[in-house]
Amino acid sequence: MINDPFQRLGLDREVLTVSQLNQRARHLLEDVFPQVWVEGEISNLARPASGHLYFTLKDAQAQVRCALFRQHAQRVRQALRDGLAVRVRGKVSLFEGRGDYQLIADAVEPAGDGALRLAFEALKEKLAAEGLFAAERKRPLPPHPRRIGIVSSPTGAVIRDIISVFRRRAPQVQLTLVPTAVQGREATAQIVRALALADAQGFDALILARGGGSLEDLWCFNEEAVARTVAACRTPIVSAVGHETDVSISDFVADVRAPTPSAAAELLAPDTGDLQQRLDSLHRRLVLRLQDRLLRERLRLDGLFRRLRHPGERLRQQAQRLDDLDMRLRRAFERQQQVRHERLARLDTRLAAQHPGRTLALLRQKLDGLATRLPRAAHAALKDRRQRLDALAQTLHVVSPLATLGRGYSILLDERGQAIRAASQTHPGQRLKARLGEGELDVRVEDNHLTPVNLSLLD
């Protein structure tokens, strides 16, 4: 151990940056706590896509952040989740980016009841993946069992409660106890043997039962051997292990789970009173159906008797029906002939309306009308175009510079033919051309007055 870690840092001689402080603090923590075991409860478990695990390990008074990187997380066999008690091995460190004190874990082991919970969840996930909990594997319970096997302890209140329920509800059912231990080291093997023996006896159903207890007390019903034996049984099994809040692997594998042993007995014990009521109801329904059937058969017989007639009367009816069909056939033929004549007349009218001579006359008349309209339309269009041209010429003349020259103005051009817009563009002695409304003048610059001269527009 370092007696005075701050003396080694030399803080009295240098000023540290935040990064340097966090870095030296991390080295100090890792030197002092290179490897420790810490026990606590997992909370705030996070599983990012990187494969690393981040969680908080806490007890009643404090908590510490933990990081389990991917290469170590892959070696953890148990399914970690919030609320599990675990032992974590790792080194104490500090995340420099945020200055967070944390535990870098390299191993996680279950602790206390948490170990059993982890083993329970691991076996549950394994058997579920194999399909042992699938609903399609579940077999229905017999509605009226005669022989039922009970796999349970011969002592205790469980077997007495089951017998009491059957004695009250279905005393005719034969019960057979297949005794086994339901707690302790030998319980798993005994339960497996008892289930195999009971399954071979040809019972209509089996009850696997035990009273309540702690998770350790009920652990034999969470063993893989018991679960696979329950799944392999050909006889329908009702699992009634513990109280209503207790759940075991056997409950998931069995065909039906009952919250208590007494509830399992009630599932398989048909109530004698209910059976008597159902029997009476079925008897009443049978009598009513027989009476209804007799009434319908009597009515049917009366109907047949009324329909039974002399052959001569039937022949007369058939002859009358034949005459009726003959008349209907004649009327239908005449009606069809009339329809065809009317259709032929309509077609003849349409054909006459579409004769080529008539079409040619209509087209010739239309052509004459167009020939008459064409000269008028051409003359009107030409007149409109001439008027538009005159208007455009007048507009062009108004904005033309030649019109401006005609009002007494002139344009000065230099040797290159560029218009002179300012006196500063000329110099004394320069030769210019002055374009007038009619003709041109050659002029020479005597002087260029750069200062503006006020001219009267009235002169």
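Residues numbered from 1 in each chain as written. Predicted model: local features only at pLDDT ≥ 70, side-chain atom pairs only at ≥ 80, totals over all residues. Heavy atoms only, no water.

For the rest of this paragraph, the subject is the sheet that holds strand E4 (residues 85-95). As summarised here, the arrangement of the 5 strands in space is E1-E2-E3-E5-E4, forming a closed barrel in which the pairing is mixed. On average, adjacent strands in this sheet sit at an angle of 55° to one another, irrespective of strand direction. Sheet analysis places strand E1 (residues 36-46) next to strand E2 (residues 53-58), joined by 4 bridges and oriented antiparallel. In the sheet register, serine 43 faces E2, and the bridge partner there is threonine 56. (Pairing = 2+ DSSP bridges. Helix = DSSP H or I, 4+ residues; strand = E, 2+ residues; numbered from the N terminus. Axes fitted to C-alpha atoms, helices over the stretch in contact; angles between N-to-C directions.)

Summarising the element assignment, threonine 235 is placed in the loop between helix H7 (224-232) and strand E9 (237-241). Reaching out from threonine 235, the side chain makes a polar contact with the side chain of aspartate 199 at a distance of 2.7 Å. The residues contacting threonine 235, other than those within four sequence positions of it, are Arg139, Asp199, Phe203, Asp204, Ala205, Leu206 and Asp255. (Polar contact = N/O pair within 3.5 Å; in protein donor to acceptor, adjacent residues only side chain to side chain. Contact = heavy atoms within 4.5 Å.)

Attention now moves to the pattern of salt bridges. Applying the stated criterion across every chain yields a total of 21 salt bridges. Ionic pairing is found between aspartate 292 and arginine 296, a salt bridge with its closest N-O pair at 3.0 Å. Note that aspartate 292 and arginine 296 are positioned in helix H10 (residues 272-307) at a spacing of 4 residues, about one turn of the helix. Note that arginine 416 and aspartate 414 form a salt bridge whose closest N and O atoms lie 3.8 Å from each other. Judged by relative accessible area, which is 69%, arginine 416 ranks as exposed. Several salt bridges share partner residues, and in doing so they unite Lys126, Glu130, Glu224 and Arg228 into one network. (Salt bridge = Lys/Arg side-chain N within 4 Å of Asp/Glu carboxyl O. Buried < 20%, exposed > 50% of the residue type's maximum accessible area, 1.4 Å probe, protein only.)

Right, let's talk about the layout of surface pockets for a bit. Estimates place the volume of the second largest pocket at around 180 Å³. Listed by contribution, the elements that provide at least two residues to the lining of the second largest pocket are E2, strand E3 (63-68) and strand E5 (100-110). Grouping the amino acids of the lining of the second largest pocket by side-chain chemistry returns 7 nonpolar, 3 polar and 3 charged. (1 Å grid on protein atoms, 1.4 Å probe; cavity = no way out; pocket = protein on both sides within 12 Å on 5 of 7 lines; lining within 4 Å. Points joined across faces, edges and corners; volume = space filled by probe spheres on them. Nonpolar A, V, L, I, M, F, W, Y, C, P; charged D, E, K, R; others polar.)

To summarise the sheet geometry, strands pair through backbone hydrogen bonds and adopt either a parallel or an antiparallel arrangement. Taken in spatial order, the 3 strands make up an open sheet running E11-E12-E13, and their pairing is antiparallel. Unpaired on one side and paired on the other, strand E11 (411-413) and strand E13 (440-444) mark the two borders of the sheet. Strand after strand, the sheet turns through a mean of 30° between neighbouring axes, direction not considered.

Counting buried positions along strand E6 (residues 147-152) yields 5 of 6 residues, so the element is predominantly enclosed. As paired elements, E6 and strand E7 (residues 174-179) share 6 bridges and run parallel to each other. Counted as the bridge partner of isoleucine 150 is leucine 177 from E7. In this fold, the crossover linking E6 to E7 by way of helix H5 (residues 157-169) has right-handed handedness. (Right-handed = clockwise from strand over helix to strand, strands pointing away.)

Right, let's get into helix H12 (residues 356-399). In a regular helix each residue adds 1.5 Å, so 44 residues correspond to 64 Å; H12 covers 62 Å between its end C-alpha atoms and thus fits that length. By the largest-angle criterion, arginine 373 marks the main kink of H12, which is about 25°, and a proline, proline 375, follows within four residues. (Expected span 1.5 Å × (residues − 1). Bend = angle between axes of the 7 residues up to and from the residue.)

As for its position among the elements, alanine 181 is in the loop between E7 and helix H6 (187-199). A relative accessible area of 22% means that alanine 181 is categorised as partly exposed. Sequence separation between alanine 181 and alanine 194 is 13 residues; the distance between their C-alpha atoms is 9.6 Å. In contact with alanine 181, not counting residues within four places along its chain, are Ala187, Gln190 and Ile191.

A separate point is the nonpolar core. With 31 residues, the main nonpolar core has Leu127, Leu195, Leu208, Val230, Ile237 and Val253 as its most contacted residues. Mapped onto this core, the elements with two or more residues apiece are helix H4 (113-130), H6, strand E8 (205-210), H7, E9 and helix H8 (249-253). Beyond its immediate stretch of four places on either side in the chain, leucine 208 contacts Val151, Ile191, Leu195, Phe221, Val230, Ile237, Val238, Ser239, Ala240, Val241 and Ser250. (Core = buried A, V, L, I, M, F, W, Y, C linked by side-chain atoms within 4.5 Å.)

In this structure, arginine 210 sits in strand E8. Overall, the relative accessible area of 8% leaves arginine 210 in the buried class. Engagement of the side chain of arginine 210 in a polar contact is seen with the backbone oxygen of valine 182, the distance being 3.0 Å. With residues up to four places along the chain from it excluded, the contact list for arginine 210 reads Val158, Val182, Gln183, Asp217, Leu218, Phe221, Ala240, Val241, Gly242 and Pro261.

Right, let's get into the packing of H5 against helix H9 (residues 261-268). It is at 8 Å that the axes of H5 and H9 come closest, and there the two elements cross at 30°. Judged by the inter-axis angle, H5 sits roughly parallel to H9. Seen from above, H5 lies across H9 with right-handed handedness. Contact residues: H5 offers Val158, Asp161, Ile162, Val165, Phe166, Arg168 and Arg169, while H9 offers Pro261, Ser262, Ala265, Glu266 and Leu268. Of the residues that constitute the contact of H5 with H9, the class distribution is 7 nonpolar, 1 polar and 4 charged. (Parallel < 35°, antiparallel > 145°, perpendicular 65-115°, else oblique. Left-handed = near helix turned anticlockwise from the far one by under 90°.)

Here we take up the pairing of E13. Bridging between strand E12 (residues 431-435) and E13 involves 5 bridges; their strand directions are antiparallel. Within E13, the position partnered with lysine 433 by the bridge is aspartate 442. Linking E12 back to E13 in an antiparallel pair, the connection comprises 4 residues, with glycine 439 at a positive phi of about 90°.

This next bit is on unusual backbone geometry. Even without being glycine, asparagine 44 reaches a positive phi, approximately 55°. With respect to the helices, strands and loops of the structure, asparagine 44 is situated in strand E1.

Treat this as a map of the structure, not an account of what it does.
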